[in-house]
Amino acid sequence: MLQHSFFVYALIAGVLAAAMCSMVGVYVLLKRIVFVGITLAQLSSAGVALALLLDLPPLFLALSATLIGVVFFSQVPANRSLPLEGIIGASYALSAVLGIMFIAKNPFGEARSLNVLFGNILSVQPGEVIALSVLLAVLLGLHIVFYKEFLFVSFDYETALAHGLAARWWNLLLYLTLGLAIAFAIRSMGVLLVFTFLLVPAMTARLLAGSMASMFVLSTVFGVLSVPIGLYLAFRIDLPTGTTVAAASLGLLMLVLTARGLYRLTRRQGAFRLL
């Protein structure tokens, strides 16, 4: 498998994107903004679809669309006449409708729609690998330096405001890191795989982590592990790569859930024997 250069690029890019999305995905889980994550991914895919229609750089429009959504969602006022869930749902519907329309007007709509939805990790170019590497380093640095501030606004936004912390701006910065991770990963990974990386590794890590620091580490590890496993299975069984990597991530979640359930059952049976 590794004799082919495109597989090597796919492996490196997948690992970088998985590490990046799995890291920020912990905050998606903590803040309970799972649907914000999928909406931002859908906005980014609509930007990619528009770029393919207009023959423009996909990253530019994907990033622009995502950052508009980031600013909007991070600054939604507390006193509003519409519930946040309704706003998120309408935004998702709008971005999905626009994406479908852009694809429908594209002469190569069907083929490109599959790339937008599922991505084509095997088509990753060296330039994309470099961009993902730089962004991962930047995001990792930001999340290490501002770890306490990001956690504070994620756990208790109102209390952060009450303590005089510029919660709105820290929230915006956190959303910006989320948006950047999505926009850079969406072009080659697709909506399905990016959303999987944002949610599933963090859920898996939460089952095992004993602290917040360990949760970030485990989430990144589970996200990264799913890439070589998924690529290998896709290569051996001749399956779509992005979908198989997503399935591998879900498989790790199911494996941890099963092991945890068996461990609890064993402990319970041991306690009964003692009684």
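Conventions used here
- Residues numbered from 1 in each chain as written.
- Predicted model: local features only at pLDDT ≥ 70, side-chain atom pairs only at ≥ 80, totals over all residues.
- Heavy atoms only, no water.
- Helix = DSSP H or I, 4+ residues; strand = E, 2+ residues; numbered from the N terminus.
- Buried < 20%, exposed > 50% of the residue type's maximum accessible area, 1.4 Å probe, protein only.
- Contact = heavy atoms within 4.5 Å.
- Areas by Shrake-Rupley, 256 points an atom, 1.4 Å probe, with all protein chains shown as cover.
- 1 Å grid on protein atoms, 1.4 Å probe; cavity = no way out; pocket = protein on both sides within 12 Å on 5 of 7 lines; lining within 4 Å.
- Points joined across faces, edges and corners; volume = space filled by probe spheres on them.
- pLDDT = per-residue confidence, 0-100.
- Patch = residues over 30% accessible without salt bridge, like charges linked within 9 Å, V, L, I, M, F, W, Y side chains within 5 Å.
- Salt bridge = Lys/Arg side-chain N within 4 Å of Asp/Glu carboxyl O.
- Axes fitted to C-alpha atoms, helices over the stretch in contact; angles between N-to-C directions.
- Parallel < 35°, antiparallel > 145°, perpendicular 65-115°, else oblique.
- Nonpolar A, V, L, I, M, F, W, Y, C, P; charged D, E, K, R; others polar.

A. Molecular detail of the overall build of the protein chain. Per the secondary structure count, the protein chain includes 11 helices and zero strands. Each helix and strand of the protein chain, ordered N terminal to C terminal, gives the series α-α-α-α-α-α-α-α-α-α-α. The 275 residues of the protein chain split such that 45% are buried. Long-range contacts, defined here as pairs at least 24 residues apart, represent 74% of the contacts in the protein chain between residues at least 6 apart. Accessible area of the protein chain: about 14,100 Å², with a carbon and sulfur share of 70%.

B. Focus on empty space enclosed by the protein. Tallied over the full model, the rule gives one cavity of 30 Å³ or more. Reported here for the largest cavity is a volume of approximately 50 Å³. In terms of lining residues, the largest cavity is bounded by Val 24, Tyr 27, Val 28, Lys 31, Ile 33, Leu 174, Tyr 175, Thr 177 and Leu 178. For the lining of the largest cavity, the element with the most residues is helix 9 (residues 167-208), which contributes four residues.

C. The confidence of the model for the protein chain, seen in detail. Here the protein chain averages 83 in pLDDT, and 86% of its residues register 70 or above. Per-element confidence in the protein chain ranges from a low mean pLDDT of 58 for helix 5 (residues 109-118) to a high of 93 for helix 10 (residues 212-237).

D. Representation of the environment of Ala 181 within the structure. Note on placement: Ala 181 falls in helix 9. The buried category is assigned to Ala 181, whose relative accessible area is 0%. Residues in contact with Ala 181, not counting those within four places in the same chain, are Met 20, Cys 21, Val 24, Leu 135 and Leu 139.

E. The arrangement of a nonpolar patch on the surface in detail. Side chains of Val 217, Val 221, Leu 225, Ile 229, Tyr 232, Leu 233, Ile 237 and Leu 239 sit close together on the surface and give an oily, nonpolar patch of about 680 Å² of accessible area. Here Leu 239 shows up in the loop between helix 10 and helix 11 (241-274). By relative accessible area, Leu 239 is classed as partly exposed at 41%.

F. Spatial organisation of unusual backbone geometry. For Asp 55, which is not a glycine, the phi torsion comes out positive at approximately 60 degrees. When you line up the elements, Asp 55 lands in the loop between helix 2 (34-54) and helix 3 (58-74). At Asp 238, a residue that is not glycine, the phi angle is positive and equals roughly 60 degrees. Inspection of the secondary structure puts Asp 238 in the loop between helix 10 and helix 11. Taking relative accessible area as the criterion, Asp 238 reaches 68% and is therefore assigned exposed.

G. Structural context of the packing of helix 7 (residues 147-155) against helix 9. Contact geometry for helix 7 and helix 9: axes closest at 9 Å, N-to-C directions at 105 degrees. Our classification of the angle between helix 7 and helix 9 gives roughly perpendicular. The segment helix 7 lies against helix 9, with Glu 149, Phe 150, Val 153 and Ser 154 engaging Ala 167, Trp 170, Asn 171, Leu 173 and Leu 174. Counted by class, the contact of helix 7 with helix 9 contains six nonpolar, two polar and one charged residues.

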